[in-house]
Amino acid sequence: MAETLGQLLPVYVLADESGSMASYVGDLNEGMKSLHVALLGEPMAAAKVRFSVLGFANSVTERLILADLRSEAELPRLSAGGGTNYDAAFGALLERIPQDVRTLKSQGYRVHRPAVFFLSDGQPTCGEEWRETHRRLTDRSVTSAAPNVIAFGIGEARAATILAAATQQEFAFVSIPGAQLGESIARFFTALTKSVVESGNAMAAGQPELVVEKPEGFRLAIDEV
């Protein structure tokens, strides 16, 4: 029962599944597989994390919710098709995260501020209304469990948009010009894996903090705007 008194970090992967990602679904799924294998090899860190995967296009598909990766045979596969609806993406988190935090607390856990790893290869197709939804999600006076959002832009994603999606300037990254999308996706998952493992290990050591690894082949978005 001791673990139920410990602290957990809810981690959300919010992945772009729009039509422009169709040629790179294999890269997304290989990245998910490598993440799973890496976490299985780090059981101390994995024990401190609960993992969710949401894909967004015109709408949002919840692929995995609050999973202990140590007990998952494999991670869900992503797909592609449709637009790039940022409003639906952040709206789903606005509904999902408070519910998840309540669930974990009811199980006896102390819950670290959730972390969202957001990946997109293009501009939002929903207009600008996503900004208000995002504000409500990340405003701690509105959403007590407001997450840290670490945003990664690849392909046609603009630095200014990715910067607006992240909750801190140092949490916004864009791939270097001319980078191959498949390679950028692989590097995103490498950085995600390192961030989750190091954050989990910090929590296991009694020093809870969110560790964010800057991926190779990416620049800070603030340097590009």
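So, a few notes on the structure that sits alongside this text. Sequence positions are assigned chain by chain, starting from 1 and proceeding in written order. Only residues with pLDDT of at least 70 are given local features in this predicted model, and only at 80 or more are side-chain atom pairs given and counted; all residues enter the totals for whole chains, interfaces and linings. In computing side-chain values, all of the structure's heavy atoms are included and hydrogens and water are not.

1. Some thoughts on the nonpolar core
So the rule is basically this: The definition of a nonpolar core used throughout is a set of buried Ala, Val, Leu, Ile, Met, Phe, Trp, Tyr and Cys residues joined through side-chain atoms within 4.5 Å. Type-normalised accessible area, obtained with a 1.4 Å probe on protein chains alone, sets the label of each residue: buried when under 20%, exposed when over 50%, and partly exposed for intermediate values. Secondary structure follows DSSP: runs of H or I at least 4 residues long count as helices, runs of E at least 2 residues long count as strands, and numbering of each begins at the N terminus.
Core analysis: the largest hydrophobic core is formed by 70 residues, its most contacted members being Leu14, Phe51, Phe90, Leu93 and Phe118. Counting residues per element, this core draws most heavily on helix 3 (residues 86-106), at nine residues.

2. Let's talk about the environment of Ala164
Going by this rule: Any two residues having at least one pair of non-hydrogen atoms within 4.5 Å are treated as being in contact.
On the secondary structure map, Ala164 appears in helix 5 (residues 159-165). A relative accessible area of 26% places Ala164 in the partly exposed class. Distance from Ala164 to Ala221, taken between C-alpha atoms, is 9.6 Å for residues 57 residues apart in sequence. Excluding its chain neighbours within four sequence positions, the residues that come into contact with Ala164 are Trp130, Arg131 and His134.

3. Details of the pattern of salt bridges
Going by this rule: When a carboxyl oxygen of Asp or Glu is within 4 Å of a side-chain nitrogen of Lys or Arg, the pair counts as a salt bridge.
Enumeration according to the criterion identifies ten salt bridges in this entry. A salt bridge links Asp68 to Arg70; its shortest N-O distance comes to 2.6 Å. Relative accessible area serves as the criterion here: at 36%, Arg70 is assigned to the partly exposed category. The partner of Arg96 in a salt bridge is Asp100, with the nearest N and O atoms 2.7 Å apart. Of this pair, Arg96 and Asp100 both sit in helix 3, four residues apart, roughly one helical turn.

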